[in-house]
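Next come the chains, spelled out residue by residue.
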Amino acid sequence: MSTIALNIAKVGTRIREAAQAAGRSPESVGLLAVSKTQPAAAVREAFAAGLRDVGENYLQEALDKQAELTDLPLTWHFIGPIQSNKTRPIAEHFDWVHSVDRLKVAERLSAQRPAGRAPLNVCLQVNLSGEASKSGCEPDALAELARCVATLPNLRLRGLMAIPAPTDDPAEQHAAFARLRQLRDGLGLPLDTLSMGMSQDLEAAIAEGATWVRIGTALFGARDYGARP
Ligand SMILES: *Cc1c(COP(=O)(O)O)cnc(C)c1O
């Protein structure tokens with residue numbers, strides 16, 4: 001078995017155990033393989049081991065990888081910060097966007113979604129850590145943003161996403177993920193998605209209702225940022 005296949009099996013066990021401990025069906029938690037900085041060959045290996053959903057943070061890197069993997073029926077998720085002048089290729093080349101945090105970006109994604117394609121699935125990214133992060137909509141502004149995004153014709157608003165400040169304290173992990181769930185439930189919209197939990201904290205996220213866990217390191221190993229400015 002390849003290392004990636006072995007890692008997928010291990011992460012699958014963690015997801016299953018966390019779901020069972022929370023009284024949830026393991027099938028209710030999707031595994032999104034975060035392949036930023038990893039070569040296309042690593043994604044191919046993950047596909048061979050059964051993974052179908054891939055998350056990328058950097059647009060050009062994602063487009064290059066997609067071009068090498070056109071033979072695979074993968075579902076592509078954009079999870080990185082979005083510059084408003086880069087929305088068109090995102091609208092054209094992805095199935096999901098987890099990191100929508102302002103109306104201008106949502107409006108452009110809707111307008112630029114190619115005719116005939118299914119609506120783009122979107123999550124609104126929420127900034128749960130205040131000053132510590134520049135990405136994400138402030139919780140105070142979320143209801144208004146969600147109300148507007150829900151009306152855009154070529155988007156399907158699915159739920160919320162967050163990247164809480166990293167902590168080893170399980171109580172703090174649970175509190176942040178519970179907050180995102182409460183924000184989602186408080187919107188009063190039919191939202192089925194909570195994109196939360198990474199390699200270090202997927203158990204807490206699943207306990208609090210995650211429907212996508214976004215996993216990089218635990219699948220592909222440590223990232224080498226040396227090559228990236
Ligand atoms: C890199 C990244 C991940 C994966 O993080 P790991 O700790 O490597 O599992 C998940 N979500 C986002 C938005 C990321 O940028």
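Predicted model, so just to flag it, every value in this text is computed and none were measured.

A. Here's a closer look at the pairing of strand β3 (residues 75–78). Note that strand β2 (residues 53–56) and β3 share 4 bridges and pair parallel. Each bridged residue has a counterpart across the sheet, and for Glu56 the counterpart in β3 is Phe78. Where the polypeptide runs from β2 across helix α3 (residues 59–68) and back to β3, its parallel neighbour, the crossover connection is right-handed. Between the parallel pair β3 and strand β4 (residues 96–100), the chain is carried across by helix α4 (residues 87–93), and the sense of this crossover is right-handed.

B. How the structure looks around the pairing of strand β1 (residues 30–34). For β1, a buried count of 5 out of 5 residues is recorded, marking the element as mostly surrounded by other parts of the structure. Here β1 shows a buried face lined by Gly30, Leu32 and Val34 and a second buried face lined by Leu31 and Ala33. Relative to strand β8 (residues 212–215), β1 runs parallel, the two being bridged by 4 bridges. Residue pairing in the sheet places Leu31 in a bridge with Val213 of β8. In this structure, β1 lies alongside β2, joined through 2 bridges in parallel fashion.

C. Just the site of the ligand, in detail. In the vicinity of the ligand, the contacting residues are Val34, Lys36, Asn57, Ile79, Ile163, Met198, Ser199, Arg214, Ile215, Gly216, Thr217 and Arg223. Lys36 places a side-chain nitrogen or oxygen 2.5 Å from an oxygen atom of the ligand. Backbone polar atom of Gly216 to an oxygen atom of the ligand: 2.8 Å apart, as the coordinates give it. Out of a free accessible area of 390 Å², the ligand has 90% covered by protein chains. When grouped by side-chain class, the residues that make up the shell around the ligand number 5 nonpolar, 4 polar and 3 charged.

D. Here's a closer look at helix α5 (residues 103–112). Among all positions in α5, only Val105, Ala106, Leu109, Ser110 and Gln112 are buried. For α5, the secondary structure elements touched by its buried residues are α4, β4, β5 (120–125), α6 (142–149) and β6 (155–161).

Cut-offs and rules
Residues numbered from 1 in each chain as written. Predicted model: local features only at pLDDT ≥ 70, side-chain atom pairs only at ≥ 80, totals over all residues. Heavy atoms only, no water. Pairing = 2+ DSSP bridges. Helix = DSSP H or I, 4+ residues; strand = E, 2+ residues; numbered from the N terminus. Right-handed = clockwise from strand over helix to strand, strands pointing away. Buried < 20%, exposed > 50% of the residue type's maximum accessible area, 1.4 Å probe, protein only. Near = heavy atom within 4 Å. Polar contact = N/O pair within 3.5 Å; in protein donor to acceptor, adjacent residues only side chain to side chain. Areas by Shrake-Rupley, 256 points an atom, 1.4 Å probe, with all protein chains shown as cover. Nonpolar A, V, L, I, M, F, W, Y, C, P; charged D, E, K, R; others polar. Contact = heavy atoms within 4.5 Å.

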